[in-house]
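Structural description and commentary
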6 protein chains.
Amino acid sequence: MNVLNESAILAVRNKQKEITNDDMREAIEKVMLGPSLKSKVVTEEQKKITAYHEAGHAICSTVLPKAQKVQKITIVPRGKAAGYTFNVDDESGSMVRTKSQFLSEITVLFGGYTVEDKIFGEVSTGASNDLAKATEIARNMVTKYGMSSLGAISLEESSMSYKDVSGTTTYGVDLGNKIDDQVRKILATCQQNCQQIILGYRKNLDDIANCLIEDEVLEYEKYNTITDIVKNTYLPKF
Amino acid sequence: MNVLNESAILAVRNKQKEITNDDMREAIEKVMLGPSLKSKVVTEEQKKITAYHEAGHAICSTVLPKAQKVQKITIVPRGKAAGYTFNVDDESGSMVRTKSQFLSEITVLFGGYTVEDKIFGEVSTGASNDLAKATEIARNMVTKYGMSSLGAISLEESSMSYKDVSGTTTYGVDLGNKIDDQVRKILATCQQNCQQIILGYRKNLDDIANCLIEDEVLEYEKYNTITDIVKNTYLPKF
Amino acid sequence: MNVLNESAILAVRNKQKEITNDDMREAIEKVMLGPSLKSKVVTEEQKKITAYHEAGHAICSTVLPKAQKVQKITIVPRGKAAGYTFNVDDESGSMVRTKSQFLSEITVLFGGYTVEDKIFGEVSTGASNDLAKATEIARNMVTKYGMSSLGAISLEESSMSYKDVSGTTTYGVDLGNKIDDQVRKILATCQQNCQQIILGYRKNLDDIANCLIEDEVLEYEKYNTITDIVKNTYLPKF
Amino acid sequence: MNVLNESAILAVRNKQKEITNDDMREAIEKVMLGPSLKSKVVTEEQKKITAYHEAGHAICSTVLPKAQKVQKITIVPRGKAAGYTFNVDDESGSMVRTKSQFLSEITVLFGGYTVEDKIFGEVSTGASNDLAKATEIARNMVTKYGMSSLGAISLEESSMSYKDVSGTTTYGVDLGNKIDDQVRKILATCQQNCQQIILGYRKNLDDIANCLIEDEVLEYEKYNTITDIVKNTYLPKF
Amino acid sequence: MNVLNESAILAVRNKQKEITNDDMREAIEKVMLGPSLKSKVVTEEQKKITAYHEAGHAICSTVLPKAQKVQKITIVPRGKAAGYTFNVDDESGSMVRTKSQFLSEITVLFGGYTVEDKIFGEVSTGASNDLAKATEIARNMVTKYGMSSLGAISLEESSMSYKDVSGTTTYGVDLGNKIDDQVRKILATCQQNCQQIILGYRKNLDDIANCLIEDEVLEYEKYNTITDIVKNTYLPKF
Amino acid sequence: MNVLNESAILAVRNKQKEITNDDMREAIEKVMLGPSLKSKVVTEEQKKITAYHEAGHAICSTVLPKAQKVQKITIVPRGKAAGYTFNVDDESGSMVRTKSQFLSEITVLFGGYTVEDKIFGEVSTGASNDLAKATEIARNMVTKYGMSSLGAISLEESSMSYKDVSGTTTYGVDLGNKIDDQVRKILATCQQNCQQIILGYRKNLDDIANCLIEDEVLEYEKYNTITDIVKNTYLPKF
């Protein structure tokens, strides 16, 4: 209920009689990322990198058929985040996720890292959360969901009886190495796909980034007009 | 006694004077899987995948001589499950389980995963519990029951004295690798058998799935009329 | 004193004035294995497998010179056990056990597993306790008693000072592998001896099993008349 | 607020009416490193080594484009430190750090160690904190930030779900070795860069060290006049 | 003071006015090994094996120049011990022990095991304490005292700072294997020396054993007359 | 303040009016090593070995340029020590230690072990503390101070963030082996240097040992007259 409380507080503060959609959006961001740091001084160079970083996530989301839709992009710093891209699922009611959804999700997560690497020439610490999430998804694909060439096997479900009492997994040295190989192969494939997207859709990337540099916030209505012609056009290589 | 309580509550709610078999069935499902989510909106595509996933488990149960009999299939979502297939043992009083029963059980567990993989082209997270159970059975076959080519040996019984005080198993690196090899060999064999069943009994699979898509629930009386001619017809390769 | 209590209760229940030997035997079984499950419905096939399983243990005990003597065999289910064979030591006062006694003991433990494997074509979970005990004995032979080709060495005595504070054994990877190799070699040798006994004394095995199927219980007086001519006739290969 | 308290105490002790910049500087050093040990007897040789050690850090900071600026150098012993070089970031408001900033930071940390090794012929324990910090940065580059040839992967973020309950990382033996190889490669590259700087800017190093030997403290105003012509002149090899 | 108490109790029980040497000897044994089990029924075969087992320890002690002197041998069962050989040091005041003393001690500990193996054809559990002590000595020689070809190094002293907080030793896999190799080499050398002694001094071994079978206890006065001509005659091979 | 207390007690006991230097020396030894065991009976052979053992430490200290100066040698047993050599640093005020000081320290620690090995033909347990200290120093050189061919790296500082929560170091198997190799290489080099010193300065060693056998205690005034011509004459090989 934090979001509703925050929305009400914003409405009161703005002397409105009703909670508007804008109040709700602002409240959601505040609860997720922390208070806005609009007063924080950001250099032009930093602002540009952040805009391209978020544009990298967004363009991947848009061109990949199985990725989530972009809802809003912001480069106003909040809490520890220099910027943020909000996504929503097409099929919000689904109880399961598929292999291609996971691969798309990893590719989208690599969007910021790849932009820094390929457009600006070196990566920063700003992508560490993205890498952590991407690696976790890739590892779960291999060890929980049978989505790698190790086949239908489950290796880390904590409730399984083949864990010893100290909680250490009991698979051997060779299988441990094979798991890592598969995780790295998934990550490398998604990183390559991401690079093709970033380089292949450079013009669209520039459009999104420039718009962000100017306005700092990009709602889905405007974002969709910028990226309308490129939706679901990339054929990922798996 | 939860099941009896639930049955009584259902009977009262339906203004019946006695608990019927239908009350009992409904009560069992509720206790095992959680409350029915009939109101949950499910897309046609999701409904179709769930129907085929459950049909995959069911057809394997039916054609494998040592597998359990299908009692009921449902694709009404309950708790975290999109669907469920209930089985019963032929020889319910048996104090032991045999190697071929375990191999059949693993093959049945792979039914949903294989249908997703071979009929729909990619697997989802919906099979993760099945993979966890299958892997646990395969591991126990190797390390507790002497049912692999490692022969008559026991490696993980927690009460055995050759575990050190920290509870870590003390078998060496080489034997750890051999255990994993055997577990993976068992799983790969069962996965291949499962693929042969899914592809070889495609028509029956379609019949079961279509019936489920139409009715959402399939009791054993009707299920048996659909699958009567294929019972115990698959010769598994071990 | 549980056994004495149980014997007294049985005597009272049977309106006897004294505790008889039968009361004592019944009481011992109840304390060791749990209450009798005579009312439990067992199929003919299950009864036959249990009878042969126990007969497998018994015939090994009888033909191996260093094994314990058979005291009583029962296939009346008790607690978790489908059947049980009671043995007694020839030299009950001995303070030590020898290598050949351990090898005989392991071979006897493999009797049930081997009967299932060689006579009925596949093993069941019913031998898991036997495998656990056999593996523990084999491991102790290698790591505590210097009874393998690793020679006179002790590797797991918990009171020894070369264990570190976390209780983890400190032998290296190579020696860990060698220990496992020796344990597996001991188990494989005993399994082969056991197979030779089961196949070589098939007629006696049938006699014991048939008698058990008919009477369900076989006391040593009758057992000895059945197996009298085969005592201590097998020359184990070490 | 310790720094403000200390500044106030110093001002009072010096019978000033206001807290001066000098009070602040002294207070910051005291809180960071411990009380001044001006009375401690230091041999001429020790003083010379400390001066060159700190000059090594400083010259690296100055010639590397991405390194922090030198604020103050002192060879008055404080707490456990024989000397100290204070740095400040150019872009103090930045929320992220880049790969080249990390590599510069490691190179600066190696400044003291390399001076001891290359100018005085052998290293001392005085560089142990520098080595610890450098190794930690290099490890984070490989395992948190995707800044090595292992690519975009995250391996040690403690909040990630692929850690087991005992907190042990679950990557395998091979990947563990590869991580170490990358960490060592980063450290070796920075050490080589550092050696080129120390040997290539020997005259400037001597100037800084001699000034320190004479004055014991070098504020940035004077430091900048000494090193003005060499700023950002070294092209690091990555 | 337990020994003195026990001696006094024995003197009182025997209605003596003073504590005699015999009271003291009896008291020492009781405190070390537990109460005498003279009433325990022991078969002739068991008695013979125990006598030869203890004679094996004793003859090694006698022919090895650096071993301790035999003080008393007994084959009266006490506590868990079937027999026991008491030794005393020649140089009781020494603050240190040498490599050749350790090698002699291990060889003496192997005396019982080797007699069982070479004279009776198979080993028993009776030597497990001897093996544990011998292995501990050998391990300490390698890891604490620099007495192996690994040279002057110390690897397991618990108070050393290079142990991590969990108490696990931090030497690597290769060094762990090398330690085990050295331990096994020391044990194998001592086992070979022991076999040469047992087979080379067979007649003396028989004399000691026969005397023990007859008298059950052998004090050093009588023991020395039996073994007088063989003292310190074996040249161990290191 | 224990030392002052002890000095005062000694002065009072000796009916002196002031605490003398001798009281101080005696007090220091008592606090460090435990009470004097002058009454302890020591054989001539033991006394000779102890004298040479301590002379081994002392001669290494004297001929190595970077080693500490000998202050006093004693072979009067105290606590657990059969003898002891007291050293003092030349540069007592130094806040750091160098690589050559560490190598000298290890070589001095090996003095006793090497004398036992090369002069008396076998080592004893008397050097175990020396080996433990030497190994710890060598390990710290490799893992904390960058003083091995592994280069500038830090691997065991407990406060570093790249340790996981269980405190286990996270370097891999290969690096673990390389650390051990470097530690052993440092120890082997120092052991060889020590052997050259012991054999090359045999006459001086005999002089020191003979003086100790006669007087039991050797203060630095007399020690310096004996060893005056050999000071700092050995050129160690690193």
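Residues numbered from 1 in each chain as written. Chains lettered and ligands numbered in written order. Predicted model: local features only at pLDDT ≥ 70, side-chain atom pairs only at ≥ 80, totals over all residues. Heavy atoms only, no water.

Scanning chain A from terminus to terminus reveals eight helices and three strands. Counted from the first residue to the last, chain A has its helices and strands arranged as α-α-α-β-β-α-α-α-α-β-α. Counting across all 238 residues of chain A, residues that qualify as buried make up 51%. For chain A, contacts bridging at least 24 residues in sequence account for 69% of all contacts bridging at least 6. Per element, the accessible surface of chain A, about 11100 Å² overall, is 50% carbon and sulfur. (Helix = DSSP H or I, 4+ residues; strand = E, 2+ residues; numbered from the N terminus. Buried < 20%, exposed > 50% of the residue type's maximum accessible area, 1.4 Å probe, protein only. Contact = heavy atoms within 4.5 Å. Areas by Shrake-Rupley, 256 points an atom, 1.4 Å probe, with all protein chains shown as cover.)

All names here are of chain D. Across its 16 residues, helix α5 (residues 128-143) extends 22 Å between first and last C-alpha, which sits within 8% of the 22 Å expected from 1.5 Å per residue. Most of α5 is tucked away, with 12 of its 16 residues classed as buried. Of the residues making up α5, those classed as buried are Asp130, Leu131, Ala132, Ala134, Thr135, Ile137, Ala138, Arg139, Asn140, Met141, Val142 and Thr143. Contacts made by the buried residues of α5 are with α3 (44-63), α4 (99-119) and α6 (173-200). (Expected span 1.5 Å × (residues − 1).)

Right, let's talk about the sheet that holds strand β2 (residues 84-88) of chain A for a bit. Residue and element names in this part refer to chain A. On the basis of which strands lie adjacent, the open sheet formed by three strands has the order β2-β1-β3 and antiparallel pairing. The sheet terminates laterally at β2 and β3 (217-219), the two strands that pair on one side only. Ignoring strand direction, the axes of neighbouring strands in this sheet form an average angle of 25°. With three bridges connecting them, strand β1 (residues 69-74) and β3 associate as antiparallel partners. The partner of Ile73 across the bridge, within β3, is Leu218. The sheet contacts of helix α7 (residues 202-215) involve β1 and β3, and relative to β3 the element is tilted by about 120°. Packed onto the sheet, helix α8 (residues 220-227) meets β1 and β3 and runs at close to 80° relative to β3. (Pairing = 2+ DSSP bridges. Axes fitted to C-alpha atoms, helices over the stretch in contact; angles between N-to-C directions.)

Attention now moves to the environment of Met147(A). With respect to the helices, strands and loops of the structure, Met147(A) is situated in the loop between α5 (128-143) and α6 (173-200). Spatially, the C-alpha atom of Met147(A) lies 29 Å from that of Tyr201(A), the residues being 54 residues apart in sequence. Those residues in contact with Met147(A), other than ones at most four positions away along the chain, are Arg97(A), Thr98(A), Lys99(A), Phe102(A), Met141(A), Val123(B), Ser124(B) and Thr125(B).

Turning our eyes to something else, we now look at the sheet that holds strand β1 (residues 69-74) of chain E. Residue and element names in this part refer to chain E. Pairing in this open sheet of three strands is antiparallel, and the strands run β2-β1-β3 from one edge to the other. In the strand order of this sheet, the two ends are held by β2 (84-88) and β3 (217-219), each with one partner. Averaged over all pairs of adjacent strands, the angle between strand axes in this sheet comes to 25°, irrespective of strand direction. Here β1 pairs with β2 via five bridges, running antiparallel. Residue pairing across strands places Lys72 opposite Phe86, the latter belonging to β2. Along the sheet, helix α3 (residues 44-63) contacts β1 and β2; its crossing angle with β1, the most-contacted strand, is approximately 170°. Against the sheet, helix α8 (residues 220-227) makes contact with β1 and β3, and its axis sits at roughly 80° relative to β3, the strand it touches most.

We now examine the side chain of Lys47(E). By the secondary structure assignment, Lys47(E) is in helix α3. Not counting the four nearest positions on each side in its chain, Lys47(E) is found in contact with Val42(E), Ile75(E), Ile213(E) and Glu216(E).

This next bit is on the state of the cysteines. Cysteine pairs can be covalently joined through their sulfur atoms, and such a bond is termed a disulfide. Across all of its chains, the model carries zero disulfides over all chains by this definition. Of all cysteine sulfurs in the structure, the one in Cys194(E) sits closest to Cys60(E), which takes part in no disulfide; the separation is 3.8 Å. Unpaired in this structure, Cys211(F) has its nearest cysteine sulfur neighbour in Cys60(F), at a distance of 18 Å. Residue Cys211(F) is classed as buried on the basis of its relative accessible area of 11%. (Disulfide = S-S within 2.5 Å.)

To continue, consider the packing of helix α7 (residues 202-215) of chain C against helix α8 (residues 220-227) of chain C. Residues and elements named next belong to chain C. Where α7 meets α8, the axes come as close as 10 Å, and the angle between the chain directions of the two elements is 145°. Handedness of the α7/α8 crossing: right-handed. Two secondary-structure elements touch here, α7 through Asp207, Ile208, Cys211 and Asp215 and α8 through Lys222, Tyr223, Ile226 and Thr227. Classifying every residue of the contact of α7 with α8 by side-chain character gives four nonpolar, one polar and three charged. (Left-handed = near helix turned anticlockwise from the far one by under 90°. Nonpolar A, V, L, I, M, F, W, Y, C, P; charged D, E, K, R; others polar.)

All names here are of chain A. In the structure shown here, the tally under the stated rule is 24 aromatic pairs over all chains. Measuring from centroid to centroid gives 4.8 Å for Tyr84 and Phe86, while their planes differ by 55°, and the two rings are tilted. For Phe86, a relative accessible area of 11% translates into the label buried. Note on Phe102 and Tyr145: the rings are 5.7 Å apart at their centroids and 20° apart in plane angle, and the pair reads as stacked. Highlighted residues: Phe102 in helix α4 (residues 99-119) and Tyr145 in the loop between α5 and α6, separated in sequence by 43 residues. (Phe/Tyr/Trp six-rings, centres within 6.5 Å; stacked < 30°, edge-to-face > 60°.)

This next bit is on unusual backbone geometry. You will see that Glu216(B), though not glycine, has its phi angle at about 70°, which is positive. With respect to the element layout, Glu216(B) can be found in the loop between α7 (202-215) and β3 (217-219). For Lys15(F), which is not a glycine, the phi torsion comes out positive at approximately 55°. Among the structural elements, Lys15(F) can be located in the loop between α1 (2-13) and α2 (21-33). Looking at Lys15(F), the relative accessible area reads 79%, which means it is exposed.

So, on to the pattern of salt bridges. Residue and element names in this part refer to chain C. Summed over all chains, the structure comprises 45 salt bridges over all chains. Note that Glu216 and Lys47 form a salt bridge whose closest N and O atoms lie 3.4 Å from each other. You can see Glu216 sitting in the loop between α7 and β3 (217-219) and its partner Lys47 sitting in helix α3 (residues 44-63), a full 169 residues away along the chain. Judged by relative accessible area, which is 19%, Lys47 ranks as buried. Residue Lys231 is joined to Asp228 by a salt bridge in which the shortest nitrogen-to-oxygen separation is 4.0 Å. (Salt bridge = Lys/Arg side-chain N within 4 Å of Asp/Glu carboxyl O.)

Right, let's talk about the confidence of the model for chain A for a bit. Residues and elements named next belong to chain A. Overall, the predicted model of chain A reaches an average pLDDT of 85, with 87% of residues at or above 70. Within the model, the stretch residues 157-169 combines pLDDT values under 50 with 37 contacts to residues more than four positions away or in other chains. This prediction of the complex comes with two scores: 0.85 for pTM and 0.82 for ipTM. (pLDDT = per-residue confidence, 0-100.)

Bringing the nonpolar core into the picture now. In globular proteins that are soluble, nonpolar side chains generally tend to be buried together. Counting residues in each nonpolar core, the largest one holds 325 residues, and the members touching the most others are Ile106(A), Ile106(B), Ile106(C), Ile106(D), Ile106(E) and Ile106(F). Here Ile106(C) is in contact with Ala134(C), Ile137(C), Ala138(C), Met141(C), Ile186(C), Leu187(C) and Cys190(C), once residues within four sequence places are set aside. (Core = buried A, V, L, I, M, F, W, Y, C linked by side-chain atoms within 4.5 Å.)

Residues and elements named next belong to chain B. Between helix α4 (residues 99-118) and helix α5 (residues 128-143), the least distance of the axes is 9 Å, while the angle of their chain directions is 160°. In terms of orientation, α4 and α5 fall into the roughly antiparallel class. Considering the relative orientation of α4 and α5, their crossing is left-handed. When α4 is examined against α5, the residues Lys99, Phe102, Leu103, Glu105, Ile106, Leu109, Phe110 and Tyr113 are found in contact with a partner set consisting of Asp130, Leu131, Lys133, Ala134, Ile137, Ala138 and Met141. In terms of residue class, the contact of α4 with α5 is built from 11 nonpolar, no polar and four charged. (Parallel < 35°, antiparallel > 145°, perpendicular 65-115°, else oblique.)

Residues and elements named next belong to chain D. On the secondary structure map, Asn193 appears in helix α6. Classification of Asn193 by relative accessible area gives buried; the value is 1%. A polar contact of 3.3 Å, which involves the side chain of Asn193, links it to the backbone oxygen of Lys237. Among residues more than four places away in sequence, those in contact with Asn193 are Thr107, Tyr234, Pro236, Lys237 and Phe238. (Polar contact = N/O pair within 3.5 Å; in protein donor to acceptor, adjacent residues only side chain to side chain.)

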